[in-house]
Amino acid sequence: MRLHSANPQLPDDDYPSWQPPSEGQSTGRKMLMIGLMVGLLSIAAMLVWLMAYDRETTQDSVSRQICESWGPAETFHGPFVELADGSLQLPVRNAVDAVFSTHMLYRDIYQTLVYTGDFTFASALPDVPDSLLAGGKLRLTISPKSRVQAISARIGTTEVPVGLSRDTVLISLPAECQPGDEVTLTMAMKCAGRISFSTPATDSVSIDVHGDCGNPSFGGTPPDDREIGKKEYSAQWRFGAYDQPFSTEPDANEFRIARATPSVTMLAGIDCYQKVTRSIKYAFLTILLTFMCVFFAEITVRRPIPVLNYLLIGFALVLFYCLLLSFAEFMAFWLSYLVAAVMTVGLVSVYIGAVLKDARMGRAVALLLTLLYLYCFILVNVSNYALLMGSLLLFFALAGIMYGTVKYADAAKH
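Everything in this summary refers to the structure shown in the same document. Note that this is a predicted model, so its numbers are computed, not measured.

### Some remarks on the packing of aromatic side chains
Next, step 1: All told, the structure shown has 18 aromatic pairs when counted by the stated rule.
Next, step 2: Note on Phe100 and Tyr115: the rings are 5.7 Å apart at their centroids and 85° apart in plane angle, and the pair reads as edge-to-face. Here Phe100, found in strand 3 (residues 93-107), pairs with Tyr115, found in strand 4 (residues 110-124); they are 15 residues apart in sequence, far enough to count as distant. Summarising the burial analysis for this pair, Phe100 and Tyr115 share the class buried.
Next, step 3: Each residue in the set Phe76, Phe100, Tyr115, Phe119, Phe121 and Phe197 is aromatic and connected to the rest through ring pairs, giving one cluster.

Here it is as structure tokens:
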């Protein structure tokens, strides 16, 4: 007689090859929980952004204090010729040559860029009677109050007296000077911020600026020619008798400062806080793609990962931005990013390998995270192409997720 078991065993093929991610929990609910965790962890990343913003605000305040103690932004107005009868005349030609040397000043962990400038003003005296030139002055206005370190003047090869009264440089013209003589004024000054030149003349104006900064910003009238290298730059402005942006007609015996005055500002470039802020903008994308990698990893090895483990992995991803902010205050940004990324990728990959009990899957996740962080680093540093590269990343990420869902559906059927 044949006995039948009360619990007959079904063939193995009658069972699905993979169970849902966790006992009694549907895949849809698991995905919903992952979405909620991504949103909450993105909010946590915004808290790191607030920390970066607060420290950036502090740096701006410290930078202003350093700049005020070093030297102000300057506007040079002139030179003009003040004749013996008190009237003002424009020189026939004005030529300006400025050479800047930058310096980085530190206060605690904060830094700011300041510079010293060597200025040369060459002015050709106007065609007026000798009696009006004798006893006259060449006047250059510097506003606001300047930080002049050295100053001298000459006519040809002859040194002439020069004085500094508040914000005005006065050069006394000797009795033997003639119309057309060139008066040369040289100064060394401490500067910070924008340097502007309002330098009219009746015939021609030339302004040449050079510096050892690789990130200058030009304002007012754009330069006619410029060359910008990694560590130095040069710019030239040329104006004729009729295309000057300056006022060449006196108003109440004074020449007005033009709105389109040529200017230059030396910038320190994007500081660490701005780069950290840019990195945090991709936190949502980083967390989402990492969670999707982990989700498909558990599908592949057929071992469910509890929600708590996802949460711990998410905390490690948020901690990356806190580490990045902390390291960036003491070392170069690229090195800070490298150290923080290596720590985070190592922690997450080892943890996933331990949870899934599969070292190969841990290495695969490490490779994907490395590529993701590398791509985000490129996005941070190539701002002009950030939108294009970010869109491409989203497209390929979506394609990967769509492919993964198809594979999961096939696995569920078998």
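What follows continues from the structure just given.
### Observations regarding unusual backbone geometry
Next, step 1: Note the cis peptide between Gly78 and Pro79, where omega equals 5°.
Next, step 2: When you line up the elements, Pro79 lands in strand 1 (residues 74-82).
Next, step 3: A positive phi angle, near 55°, is found at Lys357, a position not held by glycine.
Next, step 4: Examined against the element boundaries, Lys357 turns out to sit in the loop between helix 6 (333-356) and helix 7 (359-381).
Next, step 5: The exposed category is assigned to Lys357, whose relative accessible area is 64%.

### Quick word on helix 7
Next, step 1: Across its 23 residues, helix 7 extends 33 Å between first and last C-alpha, which sits within 8% of the 33 Å expected from 1.5 Å per residue.
Next, step 2: Buried within helix 7 are the following residues: Met361, Gly362, Val365, Ala366, Leu369, Leu372, Tyr373, Cys376, Leu379 and Val380.
Next, step 3: Capping the start of helix 7 is the job of one residue whose side-chain oxygen sits 3.0 Å from the backbone nitrogen of Arg360: Asp358.

Rules and cut-offs
- Going along each chain's sequence as written, the residues are numbered from 1 onward.
- Two thresholds apply to this predicted model, a pLDDT of at least 70 for residue-level local features and 80 or more for giving and counting side-chain atom pairs, whereas whole-chain, interface and lining totals are computed over all residues.
- The basis for the side-chain values is all heavy atoms of the structure; hydrogens and waters are excluded.
- For Phe, Tyr and Trp, rings pair up if their centres lie within 6.5 Å, where Trp contributes its six-membered ring, and each pair is then called stacked (planes under 30 degrees apart), edge-to-face (over 60) or tilted (otherwise).
- In this text, helices come from DSSP runs of H or I with a minimum length of four residues, and strands from runs of E with a minimum of two, each type numbered from the N-terminal end.
- Only protein chains enter the calculation, and the probe is 1.4 Å; a residue is then buried if its accessible area is under 20% of its type maximum, exposed if over 50%, and partly exposed in between.
- Here, expected helix span is obtained from the residue count minus one, scaled by 1.5 Å.
- Contacts described as polar in this section are N or O atom pairs within 3.5 Å, which, within protein, must combine one atom able to donate a hydrogen with one able to accept it, while residues neighboring in sequence count only if both atoms come from side chains.

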